[in-house]
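# A closer look at the structure
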Amino acid sequence: MPALRKPHRVGVLLPDVTIEGDVALEPEAALLLWVALIECCQRHPMLAVYDPESTPLFPHEGHFAPAHASIGASPTDAFYGSTRRDELIWLELVARGVVRLHTLGRDGTKQSFDALGKNPGDQIHQVLSQWLSARGLGALPRRFEAVTTEELIQVVKLVAPLLVEQARAWATPVKHAPSEADLDAGFGDPDPTESGVAEEDPLAGTDSDAPEEVAEEDEPAAPAPPAEPPVRRAKVARPIANRLPPPLRLAALRLLALAIREELDDLILLADPEQPQALFEQYLASKGQGADFALLRRVIASAPCWARPYAELAVGDDDDDDEEGDAAIKPTELESVAGAGIAALCRPAQLDIIERVADLLNDSRVPDEGVRLLERAVATHPEDSSAHIALVEMVMETDREGALLAQAHASGRIHGCPMEPAYPWYPDQIQIDLLVATSLLRVGRLDEAIALRANRLEGREATWPRHTRILQNWRKDPRFVAWCYAREGFFRGDPARAVEGFGRIQPDDDVDLAVFLDALVAMGREDEVVLAWSQYGLGAGLDGPVARLAAARCLLAAGEWRRGLDELWRVSLTEPDRDEHVAIARCGLLLSCAPLEVAELALGEKVAVGANMLARRMARDVADFMPDAARSSVVSRALGKLGGTEAEPALGGFAAATRSKKAIDALFAAVGPSSKPDDALARADRLVNNWLEVVFAEASEDDPAALAQAACYAAAQALARYLNATTLPATPIAGALRTVAGEALALVREHRSALQDRDARALLGAVEPVLRRADRWIGSSWLGTLERSLALDERSGGDIAGFVREHATIAARVLGPEESAVLAASVARLHRERPANWAAAVNAQAMQLTLHTGYLGADEWADSVVALLAAREMDTDAAIDELLTCCYLVEGLSAGPSVHAARVLLEAGRGPAALGVLTAGLSAAGEDWRDRQLATLAEPWKRLKLDVPLAFEKLAAQMFDALQKGDPARAERLGRFSVAFDPGNGEAHRNLGLAYAQQGKVAEAMPHLVRGTHEQATQILSGVLYQAGKLPEAMAVLDYASRWYNRSDQWLTYGGIAYAAMDNPRTVKAYALAYQLDPGAFDESQLNAYAGVLDEVGDYKTCELIANKLIAKAGDDLMWKTNGWNHLACAYIGLGRFDEAVKLAQDAVAQNPLPDNIGNFATTLERAKTRQQHAPPPLPPIRQREPVFELLEAGDFASASALATDASWRVRRAALEATRFRFSSENDVDVTPRARASANAMLAATVGVTERDAVACRALALLIREQAYFARDPVPRMGDRMTREAFYTEFRARGGVVLGDEAPPPPPFKDRVVVPGGKLERVSDYVSLLRDLAALAPAEAIAQFDLDEAGYLDVAKAWAAAIEADASVAQAIAAGLAKR
Amino acid sequence: MLALMSGPPSLGELGAIPPAVRYQTQSALALLPTDGSVLDGVPLERLARAMDDGEAWVGAAPELAEIGYWMIEPSHSVELRRRGCIWLTRFPSVETAKRLGTLVLDPATPEPVREQATWTLGYRQVRSMHPSTQWPADAVQIADEALAKLADAATIAGKITSEQLPHALRHVSSEMIAAIIAKAPGLWGDAIEAFATPPLARVLFVSIADIPAQHRTRVLRLIGATLGEEAVPLLVSRAAEAPIDERLEMLFLAISLGGEQHLGRLEDTLAGMKFADLLRQRAKWHLANRGVVPTVRGLKVARTTALMPAVERAARCRQAADDLGTLTKFIRHPEAYLYAMWAWMVRGAADPVRARELVAAHPESQKLVRDLYLEDLARRGRVKQLTVAAQTLKAADLGALQLAIHGRPLAALELAATARLHTPELVCARALACYRAGRPDLTARILSEDLPPSEITDDSALPAFPGPHEQWLIQHAPAHSPAIGALAGGLPGVLALARPAPDDAEADLPSIEPTFAVVRRLGRGLPGSTVYLAGEFKYMNKDAIAKAVEAAGARLVNGPFPGTDYYVHGDWCLVQTIAQLERQGARRIRRGELEGV
């Protein structure tokens, strides 16, 4: 498909006009023609004219003149450079003479077009036509007015006096600045409909107990500072406007409106009902009553490349009705994204446009594109604080917390408040600092966040009421402490704290869930990952890319192969713009341990339903990473025909002196041919291990240009070889090449500003020949990454096609932000207008767009497939294949493709497949639309006699019946379709959850129970599992869920099930915690059970307490009373109080009303009489875990990391994890030197391994390496460390519930003799010496202790020996130093 | 033709500049294309680096201007010529002005070259150039004339096509230029800043409406500073009509120049305004400093530091720094570049206290005054703030040294442990901190076994510390790097840096843990470490050494990767590789430490 053409971007300069005999009129004549030329050109479908509002008219030497748009400007100058104009054009006009159009291109090319003619209007039209023709652009849709010189002069004479007069009396218009109250209300406004975006209050809405926030209108209105009165102008233009003759009337009106800034839209529309700016003003004026998209479309039709209306092409959140009439006129999501892109393309330097566009991109789930755009805006407008604010807010949307904090700090340093409060602080500075505070909070730096926010709002509470309220929440709500404790712990490298913190508060957004999942794995709790993901990811909907990627790696690490593989595919295929190749490759590494059958089954399912395209793409991951993939016929079939041959990459574009070239060449040569199967895994691993080291052969971190060049070369080697390898039989070497390509490109991206164009081109040159042979989808994904990593769009000023001109395939396929926008716009237009052969064009274009973006354009692609199938231009199998790809990519976002696919499948007689595709995709449909579409499926549905009804009521009823009849499998089948049918129906979810639970399908049950029963999901699930006789599963759910239990009833349920499972440790723990929370919550049976278990485990003291409680509670009920006596007797036996025990046991035996208890009571009596004490064995731990995890939990990272050479890979992984912990001194260090060294050692130690725990070690080592050198999301900088003690103190102080005992206080300082007979014997002496050495000059300090140099040296050596011999000496010194 | 193809002139002895700078410059020049081909890739990068690293020194050797003259020859590529113009910024002289003047006026000169030459002709600031850099009066006149011709042409054309010309003109105090600007003040708004003649100031005032809005505050201040009391009636009469920002500026100027009789008008304007108190304080300041327009006064110095004798600079920079900071107490500077100018004045004044004031008003400026700011924090015992700033500014070594000097040795060692490079400052910090942390034994070992690498001064080998470069610095510029001098002076030298901790300093770390990192480093244990075999191994048996490395429990790495612990010097190795390794903190495996070495 040939590349689509972008609009030709031009700027129009003020013409050079000569009027013989009337020189005084020349300036205004030039202005008039300038406006007229813009008016004419902006109607052209391919001309993006820089609109006159962007070069406003200011007085200059007594006349108005457009700012920057005068002759002498160039497309690369300071003003136009950032506007990305392809050409500047201007007219030269001599009255009664030649008219000439001059052009100046971006490359400096100058050209002129002359015309002779009967009048200037005709001549202008001629030169414009010549110019457009020379540029390959079509003719003007409306001709330039055939105005004569006389007519021109007549108009100028009318407007010139007024313009000159106004130019002289001109005053700067006042720019409206929002008040602080405005900012408070609007800035950072959390969107209540989305989770996780509530940037000021990340926990908002999660606590039903939290006091309701005061409504904005309830607050006393803050006194707003008086606004600067606008400069009032008399309505001076209108009288003249009414006298204007028809020729050039429109241009003259526009000129008057632009210069005098008087509203003349009514007159303009009279002159031309389709004048775009005037129409747009009408649109804006009526926007309050709802966007008039018909009007907006008129504006766009009138000026197809004018930026502003495109930025309005979005449907608001509340506009969700799906009436057909509305739908026809409302923009689709594709149109909205395309519009955003076109707006940015046409006005790339305009900050307000860019901000709006970035918001639209974020709404369409591509915040990374928004960030990119805003980074460009910040580079263009570094001094504009609003650009920084917009950028920080957009980075917030990417869920990259490290990047957010870094950007917030960077922007804060430039535009934040001065450090000293004595300096004036402005609202924008406060805004920035509030964002910094939020960013601090999001990485867990609670105290600093509060301090910063409080400092900035101090004395401003009245004007920033909402933000003040947020501050109060931060200060008071215990959940913030837990949340920050967890996050700070995680980012600091202390996963135990993350797990602990998230035991006090539930994960509430994608990042929380990712943190929680990773921390569970790090702490050896892999078995809980699947529950956590089911509950929060699939159930609570925290399934954004960050969480999903974490789920993929954690599920794979936990050995949940199929689930992990599914999540991996989902995130890698639907989120290509995030460029997560490095993280995905690590997942691939984990996948390498999976049994091949798992992948075969997954691929087989795709192939079986005819989703060959998907299968081929998915099989690539399997082929790259699973060592035995080459032996699998299923994988081979899915991969399709492979006809490549091994070839060396074309690296001729790189200079001979490219840094580290020799070493990199040698490294890749050492890998050898991929066709050689021997030792392939080890060779692959060695390549991954060593590439980064060899990049540094002739480069260093101090020399980013060299590093970028070397990394670029390594990327070229790896990517070209990888793409070639995708055409060859499967080998793990391909996975290694892919890993290296991803990592090297990430390193290039890190230093992209230092990368030279030549090297960027050389990398593209290496990829070009292999791109043609590789699978298109894979090629598209890597090409997108290349474009972003090399910053091709920024590098080429938007002219990517020009930059890659020498590489035809790349030029045809590469999509930068502007190319994507043009492609999206083309698809949207073709799809909406449906000209002849639209389907074929849309099919090709939409497929390219969808594969590039991961989802955008899939609806249109599916529509085109259906149209092509109907026209018999595509066969059924191919249609099904493409439709299933569309369905997969938009699952959960759009139901259109799934309905299309179901229809085609039904027509093909494949009922079960149709049901499957609808089950997966229908949930995204709106109600009315769904019913209409399903009605069209009724006939074939009936014909194929599918056993699932196509009506919700019937579905629900049959499902209920199936459950009642004990047929959970049937209930599951019906339930799955019913929740797709009505995803908001809690009852359906609940029943489906129960059906799964009855079958023991815990992970499948959890999401539906969460949606159906919310907070009670885990209790219900464990209960059903228990009832179904699946006790281990029930206990696993309870173990996992009980971390959030803070009510006695929850623990009592847990205790009851544990008791039934005869699991004493858990029973004791559960009842003890329930008792701690509420002793009164126990009923007699629970007290009875608790006391019994306490006796069994030998806790007689507590048993006595509980037995007494039971006796008291029993009252006159002999059954419980006798049980109580019996338990008390047992307790006394254990405590050696036999006489009392005998008495109680006798009473119990005597008054026992229950035959079942006879034996038991008699045994007790016998034991009491014979004074038999049994010594129960100590309670086994609830969970058997390696001691290294306990070290991590205890915060003993030194001891944990010392186990790095343990025989167990699992222990070694925990040891490696321990090296990541950053002490306070390492707050600003991304990765500790310990972690770097250990990671490198681990990589070396894991070459060729396939054992899961060993591979997990390797994956962790690769993660550490990524964070150290080319992190996509850098590790956040840390601040004050929240210790466990501080956390619990603060948490309790805020009213948080903490179960268990308080931590013991730190040991006090104890003085002692350490160096007997030395000049300084005692710790206190040594501490004094250290204090003096700091406080005084060194010589003076040692003299205080009667020491000279030699004596001091002796003292030091003696103490050094003592410290080395006894680790407690250092602790004693530390305690002494800490004592003030 | 022969001349066209010749290489750069030879450098000669160049005793006035440090040997490493000499070597670096020489190496970079040797790579430059002499055939007019494009300057890019490694040669460009090396040249850029040499120019940056040598900026503070090369001005001491005026003969190096010849290199610039050679670089700007028309036979060379555009980029090389442009770099030549930048090079010549360090060598203001009559000859330089003449050559650049010719260049800018030659229509055949490519635009990038002309732009850079224009800037060089106007640039009258010393900033970080060698203190001996000073424009002779004749050179100033020649440069001004050339700039005036450019300006005149632009005025006639009615369009400024050069981005650099207006900014270059901001440095120029010349009646000629003033007259040209007066012809089209609206055109030259960007060029008007610190210098104007009274006639120009009067023209500017009457045509203030023609000046684009973003330049007006600057222009108003210049009018006030130039005309003094004469401007007051004009300012007052115009103020009523002007937008709020300009109105306030006019009224403050009126108060500054005309006294308290204008306070009433200001009060009327301030009614209900948000920052009224601050603005009243500003008025008070103006009344106390009658006739002073501080930003203009400050800029006059900032723009011309290369015109004044070196001995006067520090004092004038101090005053200028105060001038440029004054108004920020009441209002932020409307143009961000003023903070940069302020920062350069603080650097010129070399005053840590002024650095603190600058950073307090504009945190981003800490980048420019890094060393002074860290020193100020250490002097005041602000341990935590210093640690954060040092990390942010990528100066853990400097921060650690300051902490060690000012009596916070344990914090110094902790910060030092995070430093990426093995610099003299880092080594000095460790040595001093260990001494003050009760471990003089470690200090002695650092000074004998763990000195920093010397700078490269030739291609043969990396000399032992202190090498020729360091010795040159000790001899000629001892203040440039006190750490080098201290290390060369041994233990007494290092201890001489020490100062008592300030009384109100934050406490030091309560743990001697940071000393253990030094113990470990000096322990030279191979097990678990990484080793790089550097260079070519012709006579030494590389395989045997590799085996010995593995037998010792260490691991070989494939490149001089950051974090590599040791290296084995091959039979031959690029001196740059060894320097890189040493700078990253890798230590050479000594004879006898490993079999085969």
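Let us look at the structure shown here. (Residues numbered from 1 in each chain as written. Chains lettered and ligands numbered in written order. Predicted model: local features only at pLDDT ≥ 70, side-chain atom pairs only at ≥ 80, totals over all residues. Heavy atoms only, no water.)

## Some thoughts on the overall build of chain B
- A count of helices and strands for chain B gives 32 helices and 4 strands.
- Across its three principal axes, chain B shows a C-alpha extent of roughly 90 × 70 × 35 Å.
- Counting every position in chain B, which comprises 597 residues, the buried fraction comes to 59%.
- When contacts within chain B are restricted to residue pairs at least 6 apart in sequence, those whose partners lie at least 24 apart make up 66%.
- Here chain B has roughly 23,300 Å² of accessible surface; of this, 53% comes from carbon and sulfur atoms.
- In chain B, the 65 positive side-chain charges and the 67 negative ones have mean positions that sit 3 Å from each other. (Helix = DSSP H or I, 4+ residues; strand = E, 2+ residues; numbered from the N terminus. Buried < 20%, exposed > 50% of the residue type's maximum accessible area, 1.4 Å probe, protein only. Contact = heavy atoms within 4.5 Å. Areas by Shrake-Rupley, 256 points an atom, 1.4 Å probe, with all protein chains shown as cover. Lys, Arg positive; Asp, Glu negative; His and termini not counted. Charge placed at Lys NZ, Arg CZ, Asp CG, Glu CD.)

## Some points on the overall build of chain A
- Each helix and strand in chain A was counted, giving 68 helices and 8 strands.
- A compact globule built from 1380 residues should have a C-alpha radius of gyration of about 34 Å, and chain A, at 37 Å, falls within 12% of that.
- Here the C-alpha coordinates of chain A stretch approximately 135 × 100 × 75 Å along the principal axes.
- The buried share of chain A, reckoned over its 1380 residues, is 59%. (Rg over C-alpha atoms; globule rule 2.2 N^0.38 Å.)

## Focus on the interface of chain A and chain B
- Facing the 84 residues of chain A at the interface are 84 residues of chain B.
- For the chain A and chain B pair, buried surface summed over both sides reaches about 6,700 Å², with 55% attributable to carbon and sulfur atoms.
- At the junction of chain A with chain B, the criterion picks out 8 salt bridges.
- Taking the shortest distance from any N to any O, the salt bridge between R49(B) and D703(A) comes out at 3.8 Å. (Buried area = accessible area lost by both parts, 1.4 Å probe. Salt bridge = Lys/Arg side-chain N within 4 Å of Asp/Glu carboxyl O.)

## Overview of the sheet that holds strand 3 (residues 566–569) of chain B
Residue and element names in this part refer to chain B.
- Taken together, the 4 strands give an open sheet; going across it, the order is 2-1-3-4, and neighbouring strands pair in parallel fashion. Each end of this open sheet is capped by a strand with a single partner; those strands are strand 2 (555–557) and strand 4 (587–588).
- Docked against the sheet, helix 31 (residues 542–551) engages strand 1 (530–534), strand 2 and strand 3, running at close to 170° with respect to strand 1. (Pairing = 2+ DSSP bridges. Axes fitted to C-alpha atoms, helices over the stretch in contact; angles between N-to-C directions.)

## So, the pattern of salt bridges
- Per the counting criterion, the structure on display carries 131 salt bridges over all chains.
- Where E312(A) meets K287(A), a salt bridge forms, and the shortest distance between an N and an O atom there is 2.7 Å. Taken together, the positions of E312(A) in the loop between helix 10 (307–310) and helix 11 (324–329) and K287(A) in the loop between helix 8 (276–286) and helix 9 (293–302) put the pair 25 residues apart, joining distant regions of the chain.
- Accessibility expressed as a relative area gives 12% for E312(A), which makes it buried.
- Given a relative accessible area of 35%, K287(A) falls into the partly exposed group.
- In this structure, R316(B) and E312(B) form a salt bridge, with 3.9 Å as the shortest nitrogen-oxygen distance.

## Some remarks on the side chain of H102(A)
All names here are of chain A.
- Position of H102 among the secondary structure elements: in strand 7 (residues 99–105).
- Looking at H102, its side chain comes within polar contact range of the side chain of E92, at 2.7 Å.
- When residues no more than four places from it in sequence are discounted, the contact partners of H102 are L88, I89, W90, E92, Q111 and S112. (Polar contact = N/O pair within 3.5 Å; in protein donor to acceptor, adjacent residues only side chain to side chain.)

## Section: the side chain of H989(A)
Residues and elements named next belong to chain A.
- The topology assignment puts H989 in helix 48 (residues 986–998).
- On the accessibility criterion, H989 (1% relative accessible area) is buried.
- There is a polar contact of 2.8 Å between the side chain of H989 and the backbone oxygen of P983.
- In this view, H989 contacts V979, P983, H1008, L1009, R1011 and G1012; residues no more than four positions away in its chain are not counted.

## Examining the pairing of strand 7 of chain A
All names here are of chain A.
- Most of strand 7 sits inside the fold, with 6 of its 7 residues counted as buried.
- In the sheet, strand 6 (residues 87–94) pairs with strand 7 via 7 bridges, with the strands oriented antiparallel. Counted as the bridge partner of I89 is T103 from strand 7.
- Pairing geometry for strand 7 and strand 8 (residues 110–115), over 6 bridges, is antiparallel. Paired with V99 across the strands is A115, a residue of strand 8.
- In this antiparallel pair of consecutive strands, strand 7 and strand 8, the connection spans 4 residues, and G108 shows a positive phi of 90°.

## Regarding the packing of helix 12 (residues 333–346) of chain A against helix 39 (residues 817–833) of chain A
All names here are of chain A.
- Between helix 12 and helix 39, the least distance of the axes is 8 Å, while the angle of their chain directions is 135°. Viewed along their axes, helix 12 and helix 39 adopt a mutual orientation that is oblique. For helix 12 against helix 39, the interelement crossing comes out left-handed. Contacts between helix 12 and helix 39 pair L334, E335, A338, G341, I342 and L345 from the former with E818, A821, V822, A824, A825, V827, A828 and R832 from the latter.
- Per-class residue counts for the contact of helix 12 with helix 39 are 10 nonpolar, 1 polar and 3 charged. (Parallel < 35°, antiparallel > 145°, perpendicular 65-115°, else oblique. Left-handed = near helix turned anticlockwise from the far one by under 90°. Nonpolar A, V, L, I, M, F, W, Y, C, P; charged D, E, K, R; others polar.)

## Remarks on unusual backbone geometry
- With an omega of -10°, the peptide bond running from F465(B) to P466(B) counts as cis.
- As for its position among the elements, P466(B) is in the loop between helix 26 (440–449) and helix 27 (468–476).
- With a phi close to 55°, K945(A) is a non-glycine residue in the positive phi region.
- Along the chain, the position of K945(A) falls in the loop between helix 45 (927–943) and helix 46 (952–964).
- Of note, R127(B) is a non-glycine position whose phi angle comes to about 45°, a positive value.

## A word on the packing of aromatic side chains
All names here are of chain A.
- Applying the stated rule across the entire model yields 37 aromatic pairs over all chains.
- With 3.9 Å between their ring centres and 10° between their planes, Y485 and F1287 make a pair best called stacked. Taken together, the residues Y485 in helix 20 (residues 478–492) and F1287 in helix 64 (residues 1284–1293) connect sequence positions 802 residues apart. By the burial criterion, Y485 is buried, and F1287 matches it.
- Residues F1082 and Y1090 carry aromatic rings whose centres are separated by 5.8 Å and whose planes lie at 25° to one another, so their mutual orientation is stacked. For the pair shown, F1082 and Y1090 are each scored as buried.
- Feature note: the residues F502, F516, Y536, Y1040 and W1044 constitute an aromatic cluster, connected by ring pairs. (Phe/Tyr/Trp six-rings, centres within 6.5 Å; stacked < 30°, edge-to-face > 60°.)

## With respect to the nonpolar core
- Residues L128(A), L256(A), W691(A), L723(A), L763(A) and F977(A) are the most contacted members of the largest nonpolar core, which totals 439 residues.
- Among the elements that take part in this core, helix 32 (residues 704–725) of chain A stands out by supplying 16 residues, more than any other.
- The residues contacting L256(A), other than those within four sequence positions of it, are V159(A), L162(A), L163(A), A237(A), I240(A), L244(A), R261(A), E262(A) and L264(A).
- The next biggest cluster of nonpolar side chains, apart from the first, holds 199 residues, and it includes L165(B), W342(B), V359(B) and A395(B). (Core = buried A, V, L, I, M, F, W, Y, C linked by side-chain atoms within 4.5 Å.)

## Let's talk about the environment of V371(A)
All names here are of chain A.
- Relative to the helices and strands, V371 is located in helix 14 (residues 367–380).
- Separated by 602 residues in sequence, V371 and R973 place their C-alpha atoms 43 Å apart.
- Sequence-distant contacts of V371, that is, excluding residues within four places in its chain, are made with L391, M394, V395 and T398.

## Comments concerning the packing of helix 18 (residues 446–457) of chain A against helix 19 (residues 465–476) of chain A
Residue and element names in this part refer to chain A.
- Two elements in contact, helix 18 and helix 19, have axes separated by 10 Å at closest approach and are oriented at 150°. Judged by the angle between their axes, helix 18 and helix 19 are roughly antiparallel. In the packing of helix 18 onto helix 19, the handedness of the crossing is left-handed. Residue-level contacts link L446, A449, I450, R453, A454 and L457 of helix 18 to H467, T468, I470, L471, W474 and R475 of helix 19.
- Residues of the contact of helix 18 with helix 19, tallied by class, amount to 8 nonpolar, 2 polar and 2 charged.

## Looking at the pairing of strand 1 (residues 8–12) of chain A
Residues and elements named next belong to chain A.
- Across the 5 residues that make up strand 1, a large majority, 5, are buried.
- The alternating pattern of strand 1 places H8, V10 and V12 and R9 and G11 on opposite faces, both of which are buried.
- In the sheet, strand 1 pairs with strand 3 (residues 47–49) via 3 bridges, with the strands oriented parallel. Residue pairing for strand 3: V10 is matched across the bridge by V49.
- Pairing analysis gives 3 bridges linking strand 1 to strand 6, with the strands arranged parallel. The partner of V12 across the bridge, within strand 6, is I89.

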